Number of protein chains: 2
Amino acid sequence: MHSTPTEITAVIFPGFELLDLYGPLELLGLLGDRVKISVAAEQPGIVESSLKVRSVADIAISEVARTDILLVPGGRGTRTEISNPSLLSQLQRLSQSAKYTASVCTGSVLLAKAGLLDGVKATSNKRAFDWVVSQGPKVHWIRTARWVEDGKFFTASGISAGIDMALALIGRLFSPEIRDEAATRAEYIWNRESTNDPFAVV
Amino acid sequence: MHSTPTEITAVIFPGFELLDLYGPLELLGLLGDRVKISVAAEQPGIVESSLKVRSVADIAISEVARTDILLVPGGRGTRTEISNPSLLSQLQRLSQSAKYTASVCTGSVLLAKAGLLDGVKATSNKRAFDWVVSQGPKVHWIRTARWVEDGKFFTASGISAGIDMALALIGRLFSPEIRDEAATRAEYIWNRESTNDPFAVV
């Protein structure tokens, strides 16, 4: 007998970064019946990533009543979406319903602009860091971090760091054993120290 | 002035593994104008991955005249596709046109069934290894490897190993500097030793 699966809602937008999304979704997806993954966007249908390769949103974000986990990738599309109050208000609403809200790379700028990270410790992509900071002046930005956990918020550094953060989130949601099993199934060598950040610009 | 971009064709099918595809595509995509990425399938349109999340094929594989790099992900869909002579013959045709053919995870079983790996050193996913071997009796399968390079063939172990293989391929195609720049942009800690395989089952 299974308990209710953990609902994961990933929100995509034009110009999202592929691995920001699919790294965490792969690791979470390997949990099988423990999770139920939906990909949401402002409109359901085809969404073009920052690398042109296209993905499919299953549902309009406005149609998602609530979620357990909200996952927000980054990518160059965030430069546009920071000025999209409709998307930002949907992120704010869904995050309030969620047990955990996670972002990868510049996904954290959208959480910041949605007002979700005020007073919260968070991180972001290294190459866009100063821009991200300028968009979220009330956030406690951490420059040297593979990922940052603060209460219900998990924010990862650039692109591949999302995989490491996803594993930390799986450990918190389920157990260290289930986390390690997912990493092994993905044959992924987990960078387990959230503060070990070889890409920090100091 | 740019030289002609390197054409990369990724072939997907129902039940392909997300990170097998998007890990390598992210790193290759970060090369910008140096590459041109197409996602192909038997029919263009929406293709469901092994984790249900859906992607879009830009073009029918039969419409791809040639490619520089052929990339084949694995996933549970390979269990069906090994019995799909139409797909296998297209992989054979495209691989013959390609400078390099790369697979991730059980993607190598499709290359093996297409007759491309006879006498070639190759590897695959650890959890499916014995099944893969049974499908490619003339392949020189390597059980302990993060990835294997043999002539024009690059084959990676399970799921995340495709990222490490993609970086090795970028180093071969362009230069170590361009490879390291792509890894840094993805904030990815490259597992640079192809023979260092903590997931080998011995």
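Refer to the preceding data block for the structure.
Okay, so let's go over this structure. As a convention, each chain's residues are numbered from 1 in the sequence order in which they are written. As they are written, the chains are lettered A onward and the ligands numbered 1 onward, keeping that order. Totals for whole chains, interfaces and linings use every residue, but because this is a predicted model, local features are given only for residues with pLDDT of at least 70 and side-chain atom pairs only at 80 or more, for both listing and counting. Think of the side-chain values as coming from all heavy atoms in the structure, minus any hydrogens and water.

## Considerations on the side chain of B:Ser95
Residue and element names in this part refer to chain B. Only DSSP runs of H or I reaching four residues or more are called helices, and only runs of E reaching two or more are called strands; each is numbered from the N terminus. By the element assignment, Ser95 lies in helix 3 (residues 85–97). Buried residues are those whose accessible area, probed at 1.4 Å on protein chains only, stays under 20% of the maximum for their type, while exposed residues exceed 50% and partly exposed ones sit between those limits. Its relative accessible area of 1% is what places Ser95 among the buried residues. Any pair of nitrogen or oxygen atoms within 3.5 Å is treated as a polar contact; in protein, a donor-acceptor pairing is required on top of that, and neighbouring residues in sequence qualify only through side-chain atoms on both sides. For Ser95, the side chain forms a polar contact with the side chain of Thr101, separated by 2.8 Å.

## Brief notes about helix 3 (residues 85–97) of chain A
Residue and element names in this part refer to chain A. To estimate how far a helix should reach, multiply one less than its number of residues by 1.5 Å. In this model helix 3 runs 19 Å from its N-terminal to its C-terminal C-alpha over 13 residues, within 8% of the 18 Å that 1.5 Å per residue would give. Along helix 3, the residues classified as buried are Leu87, Leu88, Gln90, Leu91, Leu94 and Ser95. Summarising the axial view, the buried residues of helix 3 lie within an arc of 160°, below the 170-degree limit, and thus occupy one face. Along helix 3, exposed side chains directed more than 90 degrees from the buried face belong to Pro85 and Gln96. Residues of helix 3 that are buried make contact with strand 1 (6–11), strand 6 (69–72), helix 2 (78–81), strand 7 (100–103), helix 4 (107–113) and strand 11 (153–156). The arc in question is formed by the directions pointing from the helix axis toward the C-beta atoms. The contact rule is simple, with two residues in contact once any of their heavy atoms fall within 4.5 Å.

## Observations concerning the packing of aromatic side chains
All names here are of chain A. Only centres within 6.5 Å qualify two rings of Phe, Tyr or Trp (six-membered ring in Trp) as a pair; their planes then separate them into stacked at under 30 degrees, edge-to-face at over 60, and tilted for everything else. Taken as a whole and assessed by the stated rule, the structure comprises seven aromatic pairs over all chains. Consider the rings of Tyr100 and Phe154, whose centres lie 5.5 Å apart with planes at 85°: the pair is edge-to-face. In this pair, Tyr100 sits in strand 7 while Phe154 sits in strand 11, placing the two residues 54 residues apart along the sequence. Like Tyr100, the residue Phe154 is buried in the burial classification. Here, a charge over a ring is recorded when the distance from Lys NZ or Arg CZ to the ring centre is within 6 Å and its angle to the ring normal is within 35 degrees. Cation over ring: Arg79 sits above Trp131, and NZ or CZ is 4.0 Å from the ring centre.

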